[in-house]
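Structural overview for review
The residues making up each chain are set out below.
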Amino acid sequence: MEARIQRAVERSGRQRAGVTLVAVSKKFSAERVREAYQAGLREFGENYVQEFADKQPRLADLKDARFHLIGHLQSNKARQACELFQAIQTVDSVKLLERLDAAAESGVVPDILLEIKLSGEENKSGAAPEQLPRLLEAASKCSRIRISGLMTMPPWSEDAEQSRPYFRRLAELARKHSLKQLSMGMSNDFEVAIEEGATVIRVGTALFGSRPKPQTGAPQAS
Ligand SMILES: *Cc1c(COP(=O)(O)O)cnc(C)c1O
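Below: a short report on this structure. Just so it is clear, the model here is predicted, and its values are computed rather than measured.

Attention shifts here to the overall build of the protein chain. If you tally the helices and strands in the protein chain, you get 9 helices and 8 strands. Since a compact globule built from 222 residues should have a radius of gyration of about 17 Å, the 17 Å found for the protein chain is in line with a globular shape. C-alpha atoms of the protein chain, sized along the principal axes, occupy 50 × 45 × 40 Å. Of all 222 residues assigned to the protein chain, the portion counted as buried reaches 49%. One finds the centroid of the 33 positive side-chain charges in the protein chain at a distance of 2 Å from the centroid of its 29 negative side-chain charges.

Next up, the structure:
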């Protein structure tokens, strides 16, 4: 993984320090997260507030680990998310911004990224790019939270080149609004994302292997 990141960084004339690897540990146990920490990883991505709330007590001693929420956040969980995560990458509405700002007043303020949906996929969360000025305007009125950048997730494709136009578009939007952080790129396309300026890549499968299947409790056909 590290060698692949390094090569992509060099190809694009960038610095390794300009790319943060977030290890996506959703569906993996607290023990797996601890092993990854012991192997040197410090930034972790989780998709579900409840799942991480269950793991967090077993990871509380990892003081310099940082946890990013990268899954959709419902505004009624804003307070809990502020307590659990050092970064929230999936803010996509004014309502959620305001809830987070109110929640942040009582504690440490997480880094906030706005999730932008650049595809027309209906089942995906994220704000439309046209909503970005409105979201930034609302954020400028927030007393605590600040927007540090943008996040996106292109339609999944085996071919990483399919992701490139989405990454390029996100980079353009960030530049236009002077936002520094660009969270883009997953196991299948992080190298292309680095070439297009990603400052944060979110990698799960390529680090941890395939995610365990959800346990439904239902008898499995064999
Ligand atoms: C699961 C997930 C990832 C990691 O995906 P992999 O393909 O396993 O690397 C990255 N970003 C988000 C938003 C995810 O939900």
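Let us now look at helix 1 (residues 2–11). Buried residues of helix 1: Ile 5, Ala 8 and Val 9, and no others. Here the buried residues of helix 1 occupy an arc of 100 degrees about the axis, which is enough to place them on one side. Helix 1 presents Glu 10 and Arg 11 as exposed residues on the side facing more than 90 degrees away from its buried surface. Residues of helix 1 that are buried make contact with strand 1 (20–24), helix 8 (190–195) and strand 8 (200–203). Following helix 1 by one or two positions, Gly 13 adopts a phi angle in the positive range, close to 65 degrees.

Turning our eyes to something else, we now look at the environment of Ile 112. Counting through the fold element by element, Ile 112 comes out in strand 5 (residues 111–115). Those residues in contact with Ile 112, other than ones at most four positions away along the chain, are Ile 88, Val 91, Leu 100, Ile 145, Arg 146, Ile 147, Ser 148 and Gly 149.

As a further point, take the site of the ligand. As a matter of local geometry, the ligand sits amid 13 residues, with Lys 26, Asn 47, Ser 187, Thr 205 and Arg 211 nearest to it. Within the side chain of Arg 202, one N or O atom sits 2.9 Å away from a nitrogen atom of the ligand. One nitrogen or oxygen atom from the main chain of Gly 204 is found 2.8 Å from an oxygen atom belonging to the ligand. In isolation the ligand exposes 390 Å². Once the protein is present, 92% of that is buried. Residue composition of the shell around the ligand, by class: 6 nonpolar, 4 polar and 3 charged.

This part is about the side chain of Glu 115. By the secondary structure assignment, Glu 115 is in strand 5. Buried charge without a partner: Glu 115 forms no salt bridge, and the closest opposite charge is Arg 202, 7.0 Å away.

Turning our eyes to something else, we now look at the pattern of salt bridges. Proximity of charged atoms lets side chains of opposite charge pair with each other. Tallying each qualifying case throughout the model produces 17 salt bridges. Ionic pairing is found between Arg 11 and Glu 195, a salt bridge with its closest N-O pair at 2.8 Å. Of this pair, Arg 11 sits in helix 1 while Glu 195 sits in helix 8, and the two are 184 residues apart along the sequence. Classification of Arg 11 as exposed rests on a relative accessible area of 52%.

What follows covers the packing of aromatic side chains. Applying the stated rule across the entire model yields 4 aromatic pairs. With 4.6 Å between their ring centres and 35 degrees between their planes, Phe 52 and Phe 67 make a pair best called tilted. Residue Phe 52 is found in helix 3 (residues 49–55), and its partner Phe 67 is found in strand 3 (residues 66–69); the two are separated by 15 residues along the sequence. Each member of the pair Phe 52 and Phe 67 is classed as buried.

Those residues of helix 2 (residues 30–38) lying buried are Ala 30, Val 33, Ala 36 and Tyr 37. End-on view of helix 2: buried residues confined to an arc of 120 degrees, all on one side of the axis. Contacts from the buried residues of helix 2 go to strand 2 (43–46), helix 3, strand 3 and helix 9 (205–208). In the stretch just after helix 2, Gly 40 is the one whose phi turns positive, near 115 degrees.

Rules of the game
Along each chain, residues carry numbers from 1 onward, in the same order as the chain's sequence is written. Local features in this predicted model are restricted to residues whose pLDDT is 70 or higher, and side-chain atom pairs enter the listing and the counts only when it is 80 or higher, whereas totals over whole chains, interfaces and linings include all residues. Calculation of side-chain values draws on the structure's entire complement of heavy atoms; hydrogens and water are dropped beforehand. Helix and strand definitions here come from DSSP, where helices need a minimum of 4 consecutive H or I residues and strands a minimum of 2 consecutive E residues; each element is numbered from the N-terminal end. As defined in this context, the radius of gyration uses C-alpha atoms, and a globule is described by 2.2 Å times the residue total to the power 0.38. Here's how the labels work: a residue is buried when its accessible area is under 20% of the maximum for its type, exposed when over 50%, partly exposed in between, all with a 1.4 Å probe on protein chains only. The convention is simple: Lys and Arg are positive, Asp and Glu are negative, and His and the chain ends are not counted. Here the site of a charge means NZ on Lys, CZ on Arg, CG on Asp, or CD on Glu. This arc corresponds to the set of directions leading from the helix axis out to the C-beta atoms. The contact criterion used throughout is that any non-hydrogen atoms of two residues lie within 4.5 Å. If even one non-hydrogen atom of a residue comes within 4 Å of a molecule or strand, that residue is called near it. By the criterion applied in these results, polar contacts are pairs of N or O atoms within 3.5 Å in which, for protein atoms, one can donate a hydrogen and the other can accept it, and in which residues neighboring in sequence qualify only through two side-chain atoms. To be clear on the numbers: accessible area is Shrake-Rupley with a 1.4 Å probe, and residue cover counts the displayed protein chains and nothing else. Three classes are used: nonpolar for Ala, Val, Leu, Ile, Met, Phe, Trp, Tyr, Cys and Pro, charged for Asp, Glu, Lys and Arg, and polar for all others, with Gly counted as polar. In the sections that follow, a salt bridge refers to a side-chain nitrogen of Lys or Arg positioned within 4 Å of a carboxyl oxygen of Asp or Glu. Two aromatic rings from Phe, Tyr or Trp, using only the six-membered ring of Trp, form a pair when their centres are within 6.5 Å; if the ring planes differ by under 30 degrees the pair is stacked, by over 60 it is edge-to-face, and anything between is tilted.

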